[in-house]
Amino acid sequence: MIDKRLRGAAAVAGVGHAGLGFATGYSEMEILVQAAHRAVTDAGLTMQDIDGICTASVAATMWVMPVIEHLGIRPTFIDSTMLGGSSFVAHLMPAIQALESGQCNAVLVCYGSTQRTSTLSRAEIGRVRKQLDPQPYEAPYNPLNPLSSYALATARHMHQYGTKREHLAEVAVAARKWAQLNPEALMRDPLTIEDALSARMVSDPLTVRDCCLVNDGAGAYVLVRADRARSLKQKPVYVLGNATAVWNRQISSMDDLTVTAAQQSGRIAFEMAGVKPSDIDVAEVYDAFSINTILFLEDLGFCKKGEGGEFVSGGAIAPGGRLPVNTNGGGLSCVHPGMYGIFILIEAVRQLRGSCGERQVKDAKLAVVNGNGGTLSSQSTAILGTEETL
């Protein structure tokens with residue numbers, strides 16, 4: 001049952017980044033702490049005001065403990081739920097419930113990764129992941145995951161609905177056009193449909209331009225009760241709806257490779273918020289691969305299943321299109337340090353604050369954020385709004 005009393009009960013009061021791209025010489029903990037301090041300062045608070053913490057890491061089951069230690073806080077609410085890249089969107093609801101119950105007053109959600117400049121080799125990182133996240137039905141075949149799984153879903157969507165590689169290229173080009181407006185984005189060189197189609201194939205039908213970046217980065221945001229948010233430094237961005245859904249871990253366990261659990265998380269989040277996809281001004285969806293954007297736009301209700309390719313065509317999700325999507329440049333062109341969900345939430349907050357400069361979406365009041373984890377495994381959807389939407 002949806003508790004609509006929680007609609008707008010909490011707001012994001014501060015956000016912060018650190019180490020985007022190449023954090024050479026820094027550990028993931030160090031850039032996480034930098035991002036955390038920036039988010040807390042952005043909110044007009046001090047670290048001593050933080051009494052709730054949510055964080056997760058792909059390589060450490062007890063990650064929240066050293067994070068608490070490094071931040072020097074003594075929280076009364078702790079959540080280290082690990083759902084892959086959707087974790088930091090999924091952390092919203094437990095944090096809101098903790099705030100509303102009085103368990104805490106200010107929750108810091110934070111993440112950091114130096115997967116690009118880490119001294120660990122890819123092979124070593126892979127071994128750790130296999131130990132922490134065994135996938136018995138797929139691992140024996142040694143797939144190039146996550147890439148192989150997303151290529152499989154892409155091929156099925158193309159076969160079932162007639163989706164073309166040109167549609168995937170539209171997603172990559174739109175992301176790059178947004179990135180060109182974002183000084184924080186890593187890849188800002190021009191990219192055409194022809195460039196994307198002729199790029200090096202890495203796992204048929206996905207080229208290197210269909211795949212997210214592999215780089216460093218940290219992000220953080222601070223969540224407080226709505227009444228307190230109004231007295232703080234920044235324009236509050238309210239959480240109007242949030243839901244999380246998991247239907248599978250391994251892609252081989254999906255009932256339908258073209259349908260994700262975002263259908264469930266999206267439906268519940270929109271119902272809680274009391275808005276429709278047609279009301280949304282900005283969409284920030286987890287584009288680890290170009291097919292993700294198409295799948296999530298379908299599953300969230302922006303178009304019918306199978307029509308995502310046509311929906312994104314003709315620059316429809318690029319600057320000046322019908323629906324601004326992944327306005328920071330996305331995981332495809334801005335930043336993707338392993339788990340990307342926190343960065344789409346930060347971008348949505350900035351858009352609703354009106355602080356995005358050249359890439360700002362005019363009069364943005366409602367945003368949808370959809371985090372994805374694993375291989376189309378976990379989905380968490382959030383609807384965020386300005387004061388006018390309450």
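Residues numbered from 1 in each chain as written. Predicted model: local features only at pLDDT ≥ 70, side-chain atom pairs only at ≥ 80, totals over all residues. Heavy atoms only, no water.

A.B. asks: Lay out the UniProt feature "domain: Thiolase C-terminal" (unreviewed entry) in the chain with the relevant residues and their values.
C.D. replies: If you check UniProt for "domain: Thiolase C-terminal" (unreviewed entry), the listed places come out as residues 243-386 in our numbering. Overall, residues 243-386 shows 30% helix and 17% strand. The separation of its end C-alpha atoms is 19 Å. (UniProt positions renumbered as here; feature names shortened; annotations may be inferred. Helix = DSSP H or I, 4+ residues; strand = E, 2+ residues; numbered from the N terminus.)

A.B. asks: How would you sum up helix H7 (residues 165-179)? Please name residues and give values.
C.D. replies: With 15 residues, H7 should reach 21 Å at 1.5 Å per residue; the first-to-last C-alpha distance of 21 Å fits that figure. Those residues of H7 that fall on the buried side of the exposure criterion are His167, Leu168, Ala169, Glu170, Val171, Ala172, Val173, Ala174, Ala175, Arg176, Trp178 and Ala179. Summarising the contacts, the buried residues of H7 are in contact with helix H6 (147-161), helix H8 (193-198), strand S6 (206-207), helix H11 (290-299), helix H12 (308-311) and helix H13 (330-333). (Expected span 1.5 Å × (residues − 1). Buried < 20%, exposed > 50% of the residue type's maximum accessible area, 1.4 Å probe, protein only. Contact = heavy atoms within 4.5 Å.)

A.B. asks: An account of unusual backbone geometry is requested, with residue identities and associated values reported.
C.D. replies: Between Asn145 and Pro146 the backbone carries a cis peptide bond, its omega angle lying at 10 degrees. Of note, Pro146 is situated in the loop between helix H5 (122-132) and H6. Cis rather than trans, the peptide bond between Asp204 and Pro205 has omega equal to 10 degrees. In this fold, Pro205 is placed in the loop between strand S5 (201-203) and S6. The residue Asn142 is not glycine, and still its phi comes out positive at about 55 degrees.

A.B. asks: How would you sum up the domain arrangement of the chain? Please name residues and give values.
C.D. replies: By convention, interface size is frequently given as the accessible area that disappears when the constituent parts associate. Once the domains are mapped, the chain shows domain 1 (4-118 + 216-239) and domain 2 (143-206 + 241-389). On the domain 2 side, the residues contacting the 43 residues of domain 1 number 41 residues. A combined buried area of about 3,400 Å² lies between domain 1 and domain 2, and 66% of that area is made up of carbon and sulfur atoms. Of the charged contacts in the structure, one is a salt bridge between Asp42 and Arg353, with a shortest N-O distance of 2.7 Å. At the junction of domain 1 with domain 2, the criterion picks out 19 residue pairs in polar contact (both at pLDDT 80 or more). For the side of domain 1 that touches domain 2, the secondary structure elements donating two or more residues are strand S1 (10-21), helix H3 (87-90), helix H4 (92-101), strand S4 (106-113), strand S7 (216-225) and strand S8 (237-246). With eight residues, the single largest contributor to the side of domain 1 that touches domain 2 is S1. When its residues are assigned to classes, the side of domain 1 that touches domain 2 shows 24 nonpolar, 13 polar and six charged. (Domains from an automatic or database assignment. Buried area = accessible area lost by both parts, 1.4 Å probe. Salt bridge = Lys/Arg side-chain N within 4 Å of Asp/Glu carboxyl O. Polar contact = N/O pair within 3.5 Å; in protein donor to acceptor, adjacent residues only side chain to side chain. Nonpolar A, V, L, I, M, F, W, Y, C, P; charged D, E, K, R; others polar.)

A.B. asks: Hey, could you go over the nonpolar core for me, with residue numbers and the actual values?
C.D. replies: Ranked by size, the top nonpolar core spans 127 residues in total, and within it Leu108, Leu223, Ile383 and Leu384 carry the most contacts. In terms of domain composition, this core takes at least three residues from each of domain 1 (4-118 + 216-239) and domain 2 (143-206 + 241-389). With near-sequence residues (within four places) excluded, Leu384 lies in contact with Val237, Tyr238, Val239, Leu240, Leu345, Ala348, Val349, Leu352, Lys365, Leu366, Ala367 and Val369. (Core = buried A, V, L, I, M, F, W, Y, C linked by side-chain atoms within 4.5 Å.)

A.B. asks: I'd like a description of the pattern of salt bridges, backed by residues and values.
C.D. replies: As enumerated under the stated definition, the model contains eight salt bridges in all. For Glu347, the salt bridge goes to Arg359, with nearest N and O atoms at 2.9 Å. Of this pair, Glu347 sits in helix H14 (residues 341-353) while Arg359 sits in the loop between H14 and strand S10 (366-373), and the two are twelve residues apart along the sequence. Exposure class is identical for Glu347 and Arg359. Each is buried. Several salt bridges converge on common partners, so that one network encompasses Glu298, Asp299 and Lys305.

A.B. asks: Can you break down the packing of helix H1 (residues 28-42) against helix H2 (residues 64-71) residue by residue, with the values?
C.D. replies: Each packed pair of helices is defined by two parameters, the angle between the axes and the distance between the axes. Their axes nearest at 10 Å, the elements H1 and H2 cross at an angle of 60 degrees. As judged from the angle between their axes, H1 and H2 are oblique. As for how H1 packs across H2, the hand of that crossing is right-handed. Here Met29, Leu32, Val33 and Ala36 of H1 come into contact with H2, specifically with Pro66, Val67, His70 and Leu71. Across the contact of H1 with H2, the residue classes tally to seven nonpolar, one polar and no charged. (Axes fitted to C-alpha atoms, helices over the stretch in contact; angles between N-to-C directions. Parallel < 35°, antiparallel > 145°, perpendicular 65-115°, else oblique. Left-handed = near helix turned anticlockwise from the far one by under 90°.)

A.B. asks: Give a detailed account of the pairing of S1, specifying residues and quantitative values.
C.D. replies: With ten of twelve residues buried, S1 lies mostly within the body of the structure. Inspection of the sheet shows S1 paired to S7 by nine bridges, in the antiparallel sense. Within S7, the residue paired with His17 across the bridge is Gly219. Relative to S8, S1 runs antiparallel, the two being bridged by two bridges. From the neighbouring strand, Val12 faces S8, where its bridge partner is Val237. (Pairing = 2+ DSSP bridges.)

A.B. asks: How would you sum up the sheet that holds S10? Please name residues and give values.
C.D. replies: Reading across the sheet, the nine strands line up as S3-S2-S4-S7-S1-S8-S11-S10-S9 and stay open at both edges, with mixed pairing between neighbours. At either margin of the open sheet sits one strand with a lone partner, and together these are strand S3 (77-79) and strand S9 (282-285). The average undirected angle you get between the axes of adjacent strands in this sheet is 20 degrees.

A.B. asks: Provide a residue-level description of the pairing of S10, including the pertinent values.
C.D. replies: Burial of S10 is extensive: eight of the eight residues sit out of reach of the surface. The sheet contact formed by S10 and strand S11 (residues 378-385) spans eight bridges and is antiparallel. Directly across from Asn372, in S11, lies its bridge partner Gln379. What sits between S10 and S11 in their antiparallel hairpin is a turn of four residues, with Gly374 showing a positive phi close to 70 degrees.

A.B. asks: Describe the packing of aromatic side chains, and please don't skip the residues or the numbers.
C.D. replies: For the structure shown, the criterion picks out four aromatic pairs. Taking 4.5 Å as the distance between ring centres and 25 degrees as the angle between the ring planes, the aromatic pair formed by Tyr150 and Phe289 counts as stacked. Within this pair, whereas Tyr150 is found in helix H6, its partner Phe289 is found in the loop between S9 and H11, the two being separated by 139 residues in sequence. Like Tyr150, the residue Phe289 is buried in the burial classification. Ring geometry for Tyr286 versus Tyr340: centroids 5.4 Å apart, planes at 90 degrees, classification edge-to-face. Of this pair, Tyr286 sits in the loop between S9 and H11 while Tyr340 sits in the loop between H13 and H14, and the two are 54 residues apart along the sequence. Just as Tyr286 is buried, Tyr340 falls in that class too. (Phe/Tyr/Trp six-rings, centres within 6.5 Å; stacked < 30°, edge-to-face > 60°.)

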